[in-house]
Amino acid sequence: AQRVTQPEKLLSVFKGAPVELKCNYSYSGSPELFWYVQYSRQRLQLLLRHISRESIKGFTADLNKGETSFHLKKPFAQEEDSAMYYCALRISGNTGKLIFGQGTTLQVKP
Amino acid sequence: NAGVTQTPKFRILKIGQSMTLQCTQDMNHNYMYWYRQDPGMGLKLIYYSVGAGITDKGEVPNGYNVSRSTTEDFPLRLELAAPSQTSVYFCASTAPKANYGYTFGSGTRLTVV
């Protein structure tokens, strides 16, 4: 079955602390994974995708096929990182469909 | 460049009423989607379209209908609203040229009472 799991509903850290938002997936095909972020009162927006191997706003995510994970990391959290984060898996084929995880709220305390 | 525009932003419906959520995009994206967002449940796909004249069901299509007469527009119709349809609805679009990264609308918060 195709599934994306984000085990933490809420992750609370202090400013300057490292952050790791967990994402595990279940998929028989070749996975293509994304992280989306929703800041307060803003629309969902793409943060990063694994195929780009990019770092956005200090966040990185590495696809680990052995552990079927795509954890989002940042070495030093900032208060402006507080938001809802969604991990998503693109289903192969020509539909572009995404399966989203349940989302993790990141709260960065001053 | 407006991206994806959704209207209305908020709506309260009575049980049994109907309404249409509007979604339009100006990026010439072929693919469009409707998701609903419920607390603790993530986003669930309602319907999607890979081009004008082509629509298909997602994970939770019951109680909804869509049409795609143009590339730009992808309205979502709720017939006979039920309390279970209280949710936040997001429209999104993408294309292979965008590496399938979604552009989302601002969402519609719907309450059925």
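Described below are features of the structure shown in this document.

1. Considerations on the overall build of chain A
Part 1 of the argument: Across its full length, chain A carries zero helices and eleven strands.
Part 2 of the argument: For chain A, the N- to C-terminal ordering of α and β elements is β-β-β-β-β-β-β-β-β-β-β.
Part 3 of the argument: Against the globule reference of 13 Å for 110 residues, chain A gives a C-alpha radius of gyration of 13 Å, in line with a compact fold.
Part 4 of the argument: Referenced to the eigenvectors of the C-alpha coordinate spread, the extents of chain A come out at roughly 45 × 30 × 25 Å.
Part 5 of the argument: Sorting the 110 residues of chain A into buried and exposed places 45% on the buried side.
Part 6 of the argument: Summed over all atoms, the accessible surface of chain A reaches about 5,500 Å², with 48% contributed by carbon and sulfur.
Part 7 of the argument: Taking the average place of the 15 positive charges on the side chains of chain A and the average place of its 9 negative ones, the gap between the two points comes to 6 Å.

2. What to know about the layout of surface pockets
Part 1 of the argument: In this structure, the largest pocket occupies an estimated 580 Å³ of space.
Part 2 of the argument: Taken together, 26 residues line the largest pocket, and the ones lying closest to its centre are A:Gln38, B:Gln37, B:Val88, B:Phe90 and B:Arg109.
Part 3 of the argument: Only strand 9 (83-90) and strand 11 (104-109) of chain A together with strand 4 (31-38), strand 9 (87-94) and strand 11 (108-112) of chain B provide two or more residues apiece to the lining of the largest pocket.
Part 4 of the argument: Residues of the lining of the largest pocket, tallied by class, amount to seven nonpolar, 13 polar and six charged.
Part 5 of the argument: The computed volume of the second largest pocket comes to approximately 350 Å³.
Part 6 of the argument: What lines the second largest pocket is a set of 20 residues, among which A:Gln2, A:Ile99, A:Phe100, B:Lys44 and B:Glu59 lie closest to the centre.
Part 7 of the argument: If you list the elements that add at least two residues to the lining of the second largest pocket, you get strand 1 (3-5) and strand 10 (98-100) of chain A together with strand 5 (42-51) of chain B.

3. Describing the environment of B:Gln22
Residues and elements named next belong to chain B.
Part 1 of the argument: Locating Gln-22 in the fold gives a position in strand 3 (residues 19-25).
Part 2 of the argument: Judged by its relative accessible area of 40%, Gln-22 falls in the partly exposed class.
Part 3 of the argument: When sequence neighbours within four positions are dropped, the list of residues in contact with Gln-22 reads Thr-5, Gln-6, Thr-7, Trp-34 and Pro-75.

4. Describing the pairing of strand 4 of chain B
All names here are of chain B.
Part 1 of the argument: Most of strand 4 sits inside the fold, with eight of its eight residues counted as buried.
Part 2 of the argument: Bridge count for strand 4 against strand 9 is seven bridges, and the pairing is antiparallel. Note that in strand 9 the partner of Arg-36 across the bridge is Tyr-89.
Part 3 of the argument: Relative to strand 5, strand 4 runs antiparallel, the two sharing seven bridges. What sits directly across from Tyr-35, in strand 5, is Leu-45.
Part 4 of the argument: Remark: three residues form the turn of the hairpin made by strand 4 and strand 5, two consecutive strands paired antiparallel; Gly-40 in that turn has positive phi of roughly 75 degrees.

5. With respect to the sheet that holds strand 3 of chain B
Residues and elements named next belong to chain B.
Part 1 of the argument: Taken together, the four strands give an open sheet; going across it, the order is 1-3-8-7, and neighbouring strands pair in antiparallel fashion. Either end of the sheet is taken by a strand with one partner, and the two such strands are strand 1 (4-7) and strand 7 (64-66). Between one strand axis and the next, the sheet turns through 20 degrees on average, direction left out of account.
Part 2 of the argument: Pairing analysis gives three bridges linking strand 3 to strand 8 (residues 76-78), with the strands arranged antiparallel. Counted as the bridge partner of Thr-20 is Arg-77 from strand 8.

6. Describing the packing of aromatic side chains
Part 1 of the argument: A full pass over the atoms with the stated rule returns 16 aromatic pairs over all chains.
Part 2 of the argument: Seen in terms of ring centroids, B:Tyr64 and B:Tyr89 are 5.9 Å apart; in terms of plane orientation they differ by 65 degrees. Their pairing is edge-to-face. Linking B:Tyr64 in strand 7 with B:Tyr89 in strand 9, this pair joins segments that are 25 residues apart in sequence. In terms of burial, B:Tyr64 and B:Tyr89 fall into one category: buried.
Part 3 of the argument: Among the aromatic side chains, those forming a connected cluster through ring pairs are A:Phe34, A:Tyr36, A:Tyr86, A:Phe100, B:Tyr33, B:Tyr35, B:Tyr48, B:Phe90, B:Tyr102 and B:Phe104.
Part 4 of the argument: The side chain of A:Lys109 reaches across the aromatic face of A:Phe14, ending 4.5 Å from its centre.

Conventions adopted
Residues numbered from 1 in each chain as written. Chains lettered and ligands numbered in written order. Predicted model: local features only at pLDDT ≥ 70, side-chain atom pairs only at ≥ 80, totals over all residues. Heavy atoms only, no water. Helix = DSSP H or I, 4+ residues; strand = E, 2+ residues; numbered from the N terminus. Rg over C-alpha atoms; globule rule 2.2 N^0.38 Å. Buried < 20%, exposed > 50% of the residue type's maximum accessible area, 1.4 Å probe, protein only. Areas by Shrake-Rupley, 256 points an atom, 1.4 Å probe, with all protein chains shown as cover. Lys, Arg positive; Asp, Glu negative; His and termini not counted. Charge placed at Lys NZ, Arg CZ, Asp CG, Glu CD. 1 Å grid on protein atoms, 1.4 Å probe; cavity = no way out; pocket = protein on both sides within 12 Å on 5 of 7 lines; lining within 4 Å. Points joined across faces, edges and corners; volume = space filled by probe spheres on them. Nonpolar A, V, L, I, M, F, W, Y, C, P; charged D, E, K, R; others polar. Contact = heavy atoms within 4.5 Å. Pairing = 2+ DSSP bridges. Axes fitted to C-alpha atoms, helices over the stretch in contact; angles between N-to-C directions. Phe/Tyr/Trp six-rings, centres within 6.5 Å; stacked < 30°, edge-to-face > 60°. Lys NZ or Arg CZ within 6 Å of the ring centre and 35° of its normal.

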